[in-house]
Amino acid sequence: MAGLAFISLSNDMPPLRQWLGPVADQLETYDIGAMNVIQHKHTEWAANWKGGVDAFYEIYHLHAVHPETQGVMDDRTQIDLYPNGMSRQFVPFGQPSPRFSDQLSVNEGIKMMLRDAGIDPDAFKGTAQDSRAAIQVSKRERAKRFGLDYDKFSDTQLSDSTIYGIFPNVQIGCHPEAVFIHRFLPHPDDPNRFTYDTCILFAHVDAPGYGPPAWMGLADGTDTTGMTRPEIERVPLGEPPNLGQVLDQDSELLPIVQKGSRSRGFRGPIWSEQEARLRHFHAELDRYIDGEI
């Protein structure tokens, strides 16, 4: 379904499309089956896999943990919750967070996103308040020139990150050009460890300047044509994962969160409104633990 293979060890599973619900049709919009894996990494993290899911299911921590993101994205997001633990989140890209002090200057991060959309940032006459809309317009114009079917995408889908939570342990960040798949794989013996498995998939278009979003952090020289399937890069526990500044920060901070969750003073989380996806995930997980499913 949608170019992805889903595996269950249960003999009593409903049909896949029924289990995924609305997420099934939404994922198919991105034609993931036409994309090729251009980067695949396994990195070992010192935390429980559920802590990994939690860290990626909300955005409001970015202003404190990843302040460098505030110049290019908003942490006020739309959250949608679906049956069976599925969820979706829209994260606005290409403009500063309201928390960011400079709301007008086109900073280097926004220039990168303009360039990704086919806009020369040095020739761009607007402010940072105009950049998100300009990205949307430019991508539609470029799609028409190259015969790409972007009419099926909303303006938001062209500029922002549309993130799907697939219960229990997968998150997919979707863009028309590429998707970023995250899997949180439990360690077989140690609940204080998990494998963070990531894949970047991209649909090659033979056009100047067209490529996967630069923020995804592909290594220089990455083959984006799809002619070769890259080897899986494996990074053991204790070594920097080299996934980019933001994800590397998460790998450093999650072990601290893990220690806190195992302290005698921790009696369970109190979810805020912006943690609706986390609450939804854990409520579904509890149904399995309690034997309701």
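If you're wondering where the values come from, they're calculated on a predicted model, not measured in any experiment. Within any chain, residue numbers begin from 1 and follow the written order of that chain's sequence. Residues qualify for local features only when their pLDDT is at least 70, as the model is predicted, and side-chain atom pairs are given and counted only at 80 or more; totals for whole chains, interfaces and linings, by contrast, use all residues. For side-chain calculations, the full set of non-hydrogen atoms in the structure is used, while hydrogens and water are omitted.

## Observations regarding the layout of surface pockets
Inference 1: By volume, the largest pocket is sized at about 1,000 Å³.
Inference 2: A 1.4 Å probe that fits into a set of points on a 1 Å grid over the protein atoms alone but cannot get out defines a cavity; an open set with protein on both sides within 12 Å along at least five of seven lines defines a pocket, and lining residues are those with an atom within 4 Å of a point. Forming the walls of the largest pocket are 34 residues, and the residues nearest its centre are Ala 5, Phe 6, Ile 7, Asn 169 and Val 170.
Inference 3: Elements are defined by DSSP. Helices are runs of H or I of four residues or more, strands are runs of E of two residues or more, and each kind is numbered from the N terminus. Mapped onto the lining of the largest pocket, the elements with two or more residues apiece are α1 (16-20), β1 (36-45), β5 (170-174), β6 (178-186), β7 (194-202) and α9 (276-289).
Inference 4: Broken down by element, the residue count for the lining of the largest pocket peaks at five residues, all from β6.
Inference 5: Residue classes follow a fixed rule: Ala, Val, Leu, Ile, Met, Phe, Trp, Tyr, Cys and Pro count as nonpolar, while Asp, Glu, Lys and Arg count as charged, and any other residue, Gly among them, counts as polar. For the lining of the largest pocket, a count of residues per class yields 26 nonpolar, five polar and three charged. Grid points are joined across faces, edges and corners, and a volume is the space filled by probe spheres set on the points.

## Side note on the pattern of salt bridges
Inference 1: Definition used for salt bridges: Asp or Glu carboxyl oxygen within 4 Å of a side-chain nitrogen of Lys or Arg. Applying the stated criterion across every chain, the model contains 13 salt bridges.
Inference 2: For Arg 76, the salt bridge identified is with Asp 74, shortest N-O distance 3.0 Å.
Inference 3: In this scheme, a residue with accessible area under 20% of its type's maximum is buried, one over 50% is exposed, and one in between is partly exposed, where area comes from a 1.4 Å probe on protein chains only. Here Arg 76 falls in the exposed class, since its relative accessible area comes to 55%.
Inference 4: Asp 74 gets classed as buried once you look at its relative accessible area, which sits at 4%.
Inference 5: Note that Glu 177 is salt-bridged to Lys 139, the shortest N-O span being 3.2 Å. With a gap of 38 residues between them, Glu 177 in the loop between β5 and β6 and Lys 139 in helix α6 (residues 131-146) connect regions that are remote in the sequence.

## Observations concerning the nonpolar core
Inference 1: In these notes, a set of buried Ala, Val, Leu, Ile, Met, Phe, Trp, Tyr and Cys residues joined through side-chain atoms within 4.5 Å is what counts as a nonpolar core. Core analysis: the largest hydrophobic core is formed by 52 residues, its most contacted members being Leu 27, Ile 166 and Ile 172.
Inference 2: Looking at this core, the element that brings in the most residues is β7, giving six residues.
Inference 3: Any two residues having at least one pair of non-hydrogen atoms within 4.5 Å are treated as being in contact. In contact with Ile 166, other than residues within four places in its own chain, are Phe 6, Trp 19, Leu 20, Val 23, Leu 27, Tyr 57, Met 86 and Ile 172.
Inference 4: The next biggest cluster of nonpolar side chains, apart from the first, holds 17 residues, and it includes Ile 110, Ala 117, Phe 124 and Ile 135.

## Topic: the sheet that holds β6
Inference 1: Each pair of strands is called paired provided DSSP finds at least two bridges between the two strands. Judged by pairing direction, the sheet is mixed, and its eight strands sit side by side in the order β2-β3-β4-β5-β6-β7-β1-β8 without closing on themselves. Unpaired on one side and paired on the other, β2 (78-81) and β8 (233-235) mark the two borders of the sheet. Between one strand axis and the next, the sheet turns by 15° as a mean value, whatever way the strands run.
Inference 2: Across the sheet, helix α8 (residues 245-261) touches β1, β6 and β7, and the angle it forms with β1 is around 25°.
Inference 3: For helices, the axis comes from a line fit to the C-alpha atoms of the stretch in contact; other axes are also lines fit to C-alpha atoms, and the angle between any two N-to-C directions lies between 0 and 180 degrees. Contacts from α9 reach β2, β3 (87-91), β4 (161-166) and β5, with the element oriented near 15° to β2.

## What about empty space enclosed by the protein?
Inference 1: Within this structure, the stated rule accounts for two cavities of 30 Å³ or more.
Inference 2: Space inside the largest cavity adds up to approximately 140 Å³.
Inference 3: In this structure, the largest cavity is lined by 15 residues; those nearest its centre are Met 113, Asp 116, Lys 139, Ser 159 and Pro 213.
Inference 4: Going through the elements one at a time, α5 (108-116), α6 and α7 (155-159) are the ones with two or more residues in the lining of the largest cavity.
Inference 5: Broken down by element, the residue count for the lining of the largest cavity peaks at three residues, all from α6.
Inference 6: Its volume calculated, the second largest cavity comes out at about 30 Å³.
Inference 7: As for the second largest cavity, its lining consists of Gln 39, Lys 41, Phe 180, Met 216, Gly 217, Asn 242, Leu 243 and Leu 247.
Inference 8: For the lining of the second largest cavity, the class distribution of residues is four nonpolar, three polar and one charged.

All we've got here are geometric facts, nothing functional implied.
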